[in-house]
There are 2 protein chains.
Amino acid sequence: MSVRVTADDVARAAGVSRAMVSRAFTPGASVSAKKREHVLAVAQALGYRPNLIARGLTGRSTGLIAVVAGEISRPYEAWLLEHLVFELSSRGYQPLLLPALRGGNVTEMIDHALAYQVEGAIVAAGSVSREIADRCRASGAPLVLIGRVLESSGVDAVCCDNIKGMQLLVNRLVQQGRRRIAWLGGTEDTFSDQERRRGVEQALSHHGLALLAVHRGDFSLHSGLNEGLALLDAGQALDAIICANDAMALGVIEAAAQRGIQVPDEIAVTGFDDVPSAAWGRCPLTTVRNPVQETALEALRLLEARVQMPTRATQIVRVGVTLVERVSA
Amino acid sequence: MSVRVTADDVARAAGVSRAMVSRAFTPGASVSAKKREHVLAVAQALGYRPNLIARGLTGRSTGLIAVVAGEISRPYEAWLLEHLVFELSSRGYQPLLLPALRGGNVTEMIDHALAYQVEGAIVAAGSVSREIADRCRASGAPLVLIGRVLESSGVDAVCCDNIKGMQLLVNRLVQQGRRRIAWLGGTEDTFSDQERRRGVEQALSHHGLALLAVHRGDFSLHSGLNEGLALLDAGQALDAIICANDAMALGVIEAAAQRGIQVPDEIAVTGFDDVPSAAWGRCPLTTVRNPVQETALEALRLLEARVQMPTRATQIVRVGVTLVERVSA
DNA sequence: TGAAATTTTGCACGCGCTTTCAAAAAGTAC
DNA sequence: GTACTTTTTGAAAGCGCGTGCAAAATTTCA
């Protein structure tokens, strides 16, 4: 059992040399059509498929791409991953999934993936060090960051325009006459959290305003509820809570409901990302659309472009965002 | 650039043979502690890591496991995938992710993964044919199904007790005095849909009841809304809608809200899976808990058990379900 | 028909690594 | 010191495949 068929077996059965078998499976190779057909037929009969691991060893491409994803159970991450994986595999690549969970060391994971001779890596979670970026470059495996950028490191990245997104949101709130605004941030040390907060503060100061309160969650629905309650119970009169992502905004809305506070009449709540569930439920979210598909596509474009020309200039793509006006603000 | 360091380079630099380098990186191998340390140090300095592709070629294990997942953006799938990938990689395996999207041919994908010499495959989406099961067996790569079983095919599977789950739900509804019950199924031809429906019908007939209406969605929130509206607008007096999963149930609740129908007072709605978001929102779902983590763990257990003993008896694990009583029913 | 141009084919080497085997080194006992 | 056992080491043979090169087969042209 478990006796695997090799090119040698096929060659023997078809009465040709092993090289012929190899060529029969190589699209552009020099083989007579007749022989190729014959070899392919014999291979089929024997249940032979070229061993891609062995093929990868010849120095040719392995077709493997590492994808570092975070907590997949979060809507935005899942959504992005779905697009990424779909695009990847429809281009003939095989995604090697690396989970960057709590405390998971991204550097170590990429290092490990590199040992599998991946042709590239897409990092959509955790933070990458300059060191690992260098290792990737040394291995000839381009690195592409999603939703984070590593300044002046020569690493390509695609990221939505967080500053602009927050500006759109703040302008809307201010236009509605809201002035007493709080910020509910996400996990510390994440690029999104930092940039989005900066966006809020810049936009506010542009109106001569500042944040009245600052709380921090971890991008989850749960933390949105908890911090939302805390914010609401603090006794400070607020008329808007800007959240670092949709999940937390949904949590805050739940918190408001629990306290009998009307959204958006008494207080406005905004999200970020426009995940599918943001449009649902008791109070559809006013948020900023973070274009996932475009992001995934751009990431692949960057990856392929760099595979083709390793020395091209570093590119940081900022995908555009749009305001989605629903009821929560 | 992109000059990769091989074991030969390390051997030369360390003044030993290539075999020594290999042994230094092989835990149980016969090397003097001193030499191993030296080799490892030189390797570190040169930035060398064994090429796992080459290592896999020697007939040893590749550490690759194929994971066939469906639409990752759906809560249950994402949740399961997260657990699966986490467990897999914390056991030293590398998950190769294969997306089984609309119309995606699972057979073809597994076949392709087999060419990468995966050590096993976990299928949590799509349906597998007896044919591909045989191919896997021939390749010595165990197949484990999640949420679906392939009768008398010798394929291990882990699946929750759909029949029992629906029985729990039906009993509760009947106990509440509800008799006019409708079924909102999921995508046709899926194992879950079929078994869950069967569970509902069996449980109902046990009470001398039958379904009053049958609609079909595709397991999505959206289809839940649409079919929910259709069901509600049909003019038939219903007092409960049993949905094939949570997402659709949430959609139905939304539909009821749009029509101004009170849940659960006027109509009860039930889900299945108990995804995180089921506990949230305007009307927390009464549903059945489908234990994801246990499922993932069992799947890995089956996989490893079969790797160790390929001839062991086929095992179909039915993980237990529990009723989660919240407000929607 | 024969020579030249062209295509098709097989041999053999190499990709980077593991592992068997026998030789060398080190340790042990007398 | 010798004879023997045990550990450590290196040479070499693969693992399954791609491919450069030269030989063989085929085609083309005069």
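Residues numbered from 1 in each chain as written. Chains lettered and ligands numbered in written order. Predicted model: local features only at pLDDT ≥ 70, side-chain atom pairs only at ≥ 80, totals over all residues. Heavy atoms only, no water.

Our next topic: the overall build of chain A. A tally of regular secondary structure across chain A gives 12 helices and 12 strands. For chain A, the C-alpha radius of gyration of 25 Å lies well beyond 20 Å, the compact-globule estimate for 329 residues. A total of 329 residues make up chain A; the buried ones form 55% of that total. Long-range pairs, those at least 24 residues apart, make up 70% of the contacts in chain A between residues at least 6 apart in sequence. Summed over all atoms, the accessible surface of chain A reaches about 13,900 Å², with 49% contributed by carbon and sulfur. Counting 34 positive and 34 negative side-chain charges, chain A places the centres of these two groups 8 Å from one another. (Helix = DSSP H or I, 4+ residues; strand = E, 2+ residues; numbered from the N terminus. Rg over C-alpha atoms; globule rule 2.2 N^0.38 Å. Buried < 20%, exposed > 50% of the residue type's maximum accessible area, 1.4 Å probe, protein only. Contact = heavy atoms within 4.5 Å. Areas by Shrake-Rupley, 256 points an atom, 1.4 Å probe, with all protein chains shown as cover. Lys, Arg positive; Asp, Glu negative; His and termini not counted. Charge placed at Lys NZ, Arg CZ, Asp CG, Glu CD.)

Quick look at the relation of the copies chain B and chain A now. When chain B is fitted to chain A, the best match, at an RMSD of 0.1 Å, comes from turning it 180° and sliding it 0.0 Å along the axis. One copy is carried onto the other by what is essentially a two-fold rotation axis. Proximity to the rotation axis, assessed at the C-alpha, singles out Leu96(B) in chain B; its C-alpha lies 2.4 Å from the axis. A share of 98% of the interface residues of chain B reappears at the interface of chain A, consistent with the copies meeting face to face through the same patch. (Least-squares fit on C-alpha atoms with pLDDT ≥ 70 in both.)

Another point: the pattern of salt bridges. Inspection of the entire model under this criterion finds 36 salt bridges over all chains. For Arg91(B), the salt bridge goes to Glu87(B), with nearest N and O atoms at 2.9 Å. Taking the relative accessible area as the measure of exposure, Arg91(B) reaches 36% and is therefore partly exposed. The structure contains a network of salt bridges with shared partners spanning Arg49(A), Asp111(B) and Arg135(B). (Salt bridge = Lys/Arg side-chain N within 4 Å of Asp/Glu carboxyl O.)

A word on the sheet that holds strand S9 (residues 268–270) of chain A. All names here are of chain A. Taken together, 4 strands build an open sheet; the order of strands is S7-S6-S8-S9 and the sheet is parallel. The open sheet has two edge strands, strand S7 (213–216) and S9, and neither has a second partner. Within the sheet, the average angular offset between the axes of one strand and its neighbour, ignoring direction, is 15°. Where strand S8 (residues 240–243) meets S9, 3 bridges bridge the pair, whose relative direction is parallel. From the neighbouring strand, Ile241 faces S9, where its bridge partner is Val269. Here helix H10 (residues 221–233) sits on the sheet and contacts strand S6 (181–185), S7 and S8; the angle it forms with S7, its principal contact strand, is near 155°. (Pairing = 2+ DSSP bridges. Axes fitted to C-alpha atoms, helices over the stretch in contact; angles between N-to-C directions.)

It is worth spelling out the interface of chain B and chain A at this point. Between chain B and chain A, the residue contacts involve 50 residues of the former and 49 residues of the latter. For the pair chain B and chain A, the summed buried surface comes to about 4,900 Å²; carbon and sulfur atoms form 64% of the total. Of all residues in chain B, Ile53(B), Tyr116(B) and Trp280(B) give up the largest surface area on contact with chain A, accounting jointly for 16% of the area buried on that side. Connecting chain B to chain A are 2 salt bridges. Among the ionic pairs, Arg49(B) bridges to Asp111(A), the shortest N-O distance being 3.2 Å. Where chain B touches chain A, the interface holds 18 residue pairs in polar contact (both at pLDDT 80 or more). At the level of elements, helix H4 (52–57), helix H5 (75–90), strand S2 (94–99), helix H6 (106–115), helix H7 (130–139) and helix H10 (221–233) of chain B are the ones that each hand at least two residues to the side of chain B that touches chain A. A per-element tally of the side of chain B that touches chain A places H5(B) first, with 7 residues. Residue classes in the side of chain B that touches chain A are distributed as 25 nonpolar, 16 polar and 9 charged. (Buried area = accessible area lost by both parts, 1.4 Å probe. Polar contact = N/O pair within 3.5 Å; in protein donor to acceptor, adjacent residues only side chain to side chain. Nonpolar A, V, L, I, M, F, W, Y, C, P; charged D, E, K, R; others polar.)

Glancing now at the protein's contact with DNA strand C. In the vicinity of DNA strand C there are 28 residues, among which Ala7(B), Arg18(B), Ser22(B), Tyr48(B) and Arg55(B) approach most closely. Take the atoms of DNA strand C that sit within 4 Å of the protein: sugar and phosphate atoms are 60% of them. Measuring from a phosphate oxygen of DNA strand C, one finds a side-chain N or O atom of Ser17(A) at 3.0 Å. Side-chain polar atom of Lys35(A) to a phosphate oxygen of DNA strand C: 3.4 Å apart, as the coordinates give it. Looking at the surface near DNA strand C, the elements with two or more residues in it are helix H2 (18–24) of chain A together with helix H2 (18–24) and H4 of chain B. Split by residue class, the surface near DNA strand C holds 11 nonpolar, 8 polar and 9 charged. (Near = heavy atom within 4 Å.)

Another aspect to go through is the packing of aromatic side chains. All names here are of chain B. Tallied over the entire structure, the rule returns 2 aromatic pairs over all chains. On the basis of an interplanar angle of 70° and a centroid distance of 5.4 Å, the ring pair of Phe25 and Tyr48 is categorised as edge-to-face. Here Phe25, found in the loop between H2 and helix H3 (33–46), pairs with Tyr48, found in the loop between H3 and H4; they are 23 residues apart in sequence, far enough to count as distant. Residue Phe25 is classed as partly exposed on the basis of its relative accessible area of 25%. Residue classification places Tyr48 among the buried positions, given a relative accessible area of 12%. (Phe/Tyr/Trp six-rings, centres within 6.5 Å; stacked < 30°, edge-to-face > 60°.)

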